[in-house]
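Below are the chains, spelled out letter by letter.
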Amino acid sequence: MESRGTPPTHGLTSDELGTMVADRRTLDHLFSVTYEELRRLAASVRRDDPNASLSPTALVNEAWLKLASSPPFMMTSRLHFKRIAARAMRQVLIEAARRRGALKRGPDVVQVTFDEALQKGNSGADDLLALDAALEQLAQVSPRQATMVESRFFGGLDVAETAELLGVSEATILRDWRAAKAWLAQEMRP
Amino acid sequence: MASPGDAAIDTARWNQIQAAFHGAAELTADRRADFLRECCGDDRELLASVSAMLEEDERAGSLLDRDVAYLAEQVLGRTNSSLPPDRFGPYRLREVLGEGGMGVVYLAGRDDLGSVAAIKILRDAWLSPERRERFASEQRTLAQLNHPSIARLYDADTLGDGTPWFAMEYVEGSSLTSYCDEHALSIPERLRLFRSVCDAVQHAHQHLVVHRDLKPSNIMVTPEGAIKLLDFGIAKQLEHLGRTADQTRTGLRLMTPAYAAPEQITGSRVGVHTDVYALGVVLYELLTGRLPFELAGLTPGQVETAIVVQEPERPSTKARQSDTAPAASKTSWADLDVLCLTAMHKDPARRYKTVEALVRDIEHFLAGEPLEARPDAMGYRVGKFVRRNRVPVAAAAFTLAVVVGLVAFYTARVTRARNEAITEASRAQRIQRFTMNLFEGGDKEVGPADSMRVVTLLDRGLLEARTLGAEPAIQAELYETLGRIYQKLGALTRADTLLNAALDQRKKLFKAGSAEVTGSLNALGMLRADQARFEEAEQLVREALDGSRSSLPANHPVLAQATFGLGRVLQERGRYDSAIAVSAEAVRLYSASGAKPTPELAASLSQLADDHFYAGHYDASDSVNLLVLPMYRELYGQRHPLVAGIVINLGAAQYQRGKYAEAERLDREGLAIIEGFYGGEHHETAYALTMLARALIFQDKFTEGVPALQRALAIRERVFGPWHPAVASTVNELGNTAFKQGKLDEAERHFSRMVEIYRKVYGEKHYLFGIATSNLAGVYSERKDYPRAERMFRQAIALYTEAQGPEHLNTGIARIKLGRTLLREGRFAEAAQESLAGYDIVSKQSVPGVSWLKNARKDLAAAYDSLKQPDKAARFRDTTSGTR
């Protein structure tokens, strides 16, 4: 399951996922499949076992186990999958946060909640939405750092993996991470 | 800190901020303030941002420092999100109308218009943002379908979290099949109603919308008797939701298998023809009260195989079995069969091209006019093909007989050893035969392209099986089924992988003597036989039988199959007496299944006939074959290759008896059937030509015999390439013929070529190489090149002794030949020794009247004469005078 191929070492923008993936449409398809799988996994965890963990890293790993051998992902390396999954996981969590009837923020429209009694314990949801918005801003000025944050935070990539993904040194990653984290944190403060 | 409404920063700014931040962060607290003042200057915003960042950096208490799992827990949570919203958009849910495979259907009211609608909300179907967009745009297209018989789609969208929903016209009524039954409609009435359905579908097709999920529950009839079709085009959007890794969730299995077209199962292109198929199935149900395939209790793998490969029973037959089906006249049923089966044809190209074409034929039928569809367009032989057992290869054995070596004054003898070359040739023949029968009604040859189509079809099925991720038992079942089909198509490597996988899994899941394990062992054994790995084959089949004798009832079909399989393997290994006993047992087991002959019974009888043949029991072989012949005629028709095979087998027995004119007559009959079936350029025809040529040549009818052989050779060279054993055996025939005619140079040429082919294909230790050598040696002997001939004969004898045993027929014959050469050289004592040794061996295995022995006796008499041993000479001379 590891290393289906060495990913390229040139720098990547947050839109580009490497030479393994042919075009936009394929990317979208991969993303869609991953997203749906993560949603499904998350939902199935909810229902079946109250003690099971909802750790996104675990979910991503499980999704990879399921999807790795299916046709759309034959040409994808594990690293690239994690990258896609990170983006998908972000989407999943943000939508879940929105569903909780969290605060309005900017132009985002809050969707009608599915569940009735969900007004308690919303800080996590609020935080996530705030992060999402801030991350969008960061992406405007430094796509690479936004990708980095997304991959590390939502996808659970470690420093080495992130460095490989983005084609930079680990020292650069650490440095950029520190700055991005600090900036995002202060952006998120109400 | 920034707040919403601040101007967004740009990249340059960001770099500035970072530079300042990193610079400051590296300093100790006291030096920082100065640094910042210097670096930010008047830029208050910059200072504020960087200060805030430094503070956060110190504190390390933000979201990003926490584990995201904690957050995920919070948002994803443990709540039940299975309650649907009370209202969304203009709709307010009132009550549950029903639940289907896809989701729940509610009755909803529309506050603004005061009307009602049916809302279908799809559970567990989360569309990603991209897909939501596509979904929405396609629904807009569907909403434009406007036809009185099509339920209007009012609206479609997704809820905030991606769950799709549809709002449709609310229809009250019953499903098409229930309505027809409740009102006890006659066939013409059903057809009229069905025609309205077709009109609606046709309308949608004209608007480029395909339904993809037509079935009676989607075809409603209102109390007033009007048709309403539901759920148009919905299946398309949701199709891909079912195609990700987790296929076992029933909610995502969108197709209703009973109505699914083969191309939907294999993932091929879906289109108008798919709706035609579904309409065919619905029509089938309307006419017979039953579905074309009995799928209850089958595993998904079996279901898929049934739909893709199995031939449905004709509606007329099915209706007869049910007492609830409406009645019709015999001629009507013939036409109804055509209507239904043409619509339901497995090959989309053979169905009605459009729904309109189907409607036209319905109208023809109702008006009592002839249909446009042809009856022979239906009737897919695939089902028969899958049931059919191995084609008897007795006919193939005669090529071997010829190979044994035909020298003018020796009669050909059938050797009992089976020949791997023959297996190879016959296997190639079988494969070609099967792939051809797969698509046509057997009336014309179909090229390799179509056999590849089937393999492609199956490959897709295989991919489905792999991604199924289903329970091991189901997977094992599917692997087994597919493995068997691959085997019949000759894709032996794929079959090997699959059957092995199936066996391994089944061994884990089931007990040793169970039907499943037994069946798998037998299947793998048969594959080994096809691969000419006979020792393994026998081991496997015996394991199957021994394991299951105590645990399965004696008449279990799997036992009968395994018995039949063992009979085959024994025959292949040359153990004819045992084979006879076992094949007879298989016949007994298959006879128990009823009065009507089945393909299995006929095949097992045919195998028994072959066993007798090889054992030299020609009369027994003939009597059994005469039982098989009418069975095959009834099962497959008069002009079928299997029938021809039996005819040729009868011819072979005549040949063995030396009745060449009779053999010629039968071979001609067989050739006519085969040539009519396969055409003049097919290797099966080459085969039948060779049989006929042999019989002709033995009557010295060279003018017809030789061209026939040459034609056969040309075909085989083309089909198999120049280095194939089948080519070698034809060349051998030509060599023998030339020899018979005294054309020694030509004979030498042919036999030399034969030697080269066998050397290349089998190596110099193989007995076939020995036969070729021996035949070539015969030419040298005739040319009086005795030393060379002697050397080659001795080489052949050594080879036979090693490969087949000192008592083998081939060894005996070669010694007789050597004896003759030595006699010609005047080495009488040695000649007598060899000829006698050969005579002893051969006479134990042949009737005395045969010319091997006749000529051996002649040689022995001559040798003993020369050795001045008159009494010995007399012993052999008396018998040569003609009487026994």
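Rules of the game
- Residues numbered from 1 in each chain as written.
- Chains lettered and ligands numbered in written order.
- Predicted model: local features only at pLDDT ≥ 70, side-chain atom pairs only at ≥ 80, totals over all residues.
- Heavy atoms only, no water.
- Axes fitted to C-alpha atoms, helices over the stretch in contact; angles between N-to-C directions.
- Helix = DSSP H or I, 4+ residues; strand = E, 2+ residues; numbered from the N terminus.
- Parallel < 35°, antiparallel > 145°, perpendicular 65-115°, else oblique.
- Left-handed = near helix turned anticlockwise from the far one by under 90°.
- Contact = heavy atoms within 4.5 Å.
- Nonpolar A, V, L, I, M, F, W, Y, C, P; charged D, E, K, R; others polar.
- Salt bridge = Lys/Arg side-chain N within 4 Å of Asp/Glu carboxyl O.

1. Re the packing of helix α3 (residues 78-99) of chain A against helix α4 (residues 68-76) of chain B
For any two helices packed against each other, the geometry comes down to the angle between their axes and how far apart the axes lie.
Line of reasoning, step 1. For the pair α3 of chain A and α4 of chain B, interaxial distance at closest approach is 8 Å and the crossing angle is 45°. Judged by the inter-axis angle, α3 of chain A sits oblique to α4 of chain B. In this structure, α3 of chain A crosses over α4 of chain B, and the sense of that crossing is left-handed. Taking contact as the criterion, the partners of Val92, Leu93, Ala96 and Ala97 of chain A in α3 of chain A are, on α4 of chain B, Val68, Ala72, Val75 and Leu76 of chain B.
Line of reasoning, step 2. Among the residues making up the contact of α3 of chain A with α4 of chain B, the classes are represented as eight nonpolar, no polar and no charged.

2. Digging into the pattern of salt bridges
Line of reasoning, step 1. This model, assessed by the stated rule, comprises 56 salt bridges over all chains.
Line of reasoning, step 2. The salt bridge involving Arg668 of chain B is made with Glu704 of chain B; its shortest N-O contact spans 2.8 Å. One end of the pair, Arg668 of chain B, is in helix α28 (residues 660-678); the other, Glu704 of chain B, is in helix α30 (residues 702-720), with 36 residues separating them in the sequence.
Line of reasoning, step 3. With a closest N to O distance of 2.9 Å, Arg815 of chain B and Glu834 of chain B form a salt bridge. Within this pair, whereas Arg815 of chain B is found in helix α35 (residues 809-825), its partner Glu834 of chain B is found in helix α36 (residues 828-845), the two being separated by 19 residues in sequence.
Line of reasoning, step 4. In this structure, a network of salt bridges that share partners links the residues Arg83, Arg90, Asp132, Glu136 and Glu150 of chain A.

3. What about the packing of helix α4 (residues 123-141) of chain A against α4 of chain B?
Line of reasoning, step 1. In the contact formed by α4 of chain A and α4 of chain B, the axes pass within 8 Å of each other and the chain directions differ by 115°. Between α4 of chain A and α4 of chain B, the interaxial angle falls into the category roughly perpendicular. Taken as a pair, α4 of chain A and α4 of chain B cross one another with a handedness that is left-handed. Mapping the contact onto sequence places Ser123, Gly124, Ala125 and Leu128 of chain A in α4 of chain A and Leu71, Gln74 and Val75 of chain B in α4 of chain B.
Line of reasoning, step 2. Looking at the contact of α4 of chain A with α4 of chain B residue by residue, the class counts come to four nonpolar, three polar and no charged.

4. Some details on the environment of Arg827 of chain B
All names here are of chain B.
Line of reasoning, step 1. Along the chain, the position of Arg827 falls in the loop between α35 and α36.
Line of reasoning, step 2. Sequence separation of Arg827 and Leu867 is 40 residues, and the distance between their C-alpha atoms is 9.8 Å.
Line of reasoning, step 3. With near-sequence residues (within four places) excluded, Arg827 lies in contact with Glu790, Arg794 and Leu822.

These results come straight from atomic positions and should not be treated as a statement about function.
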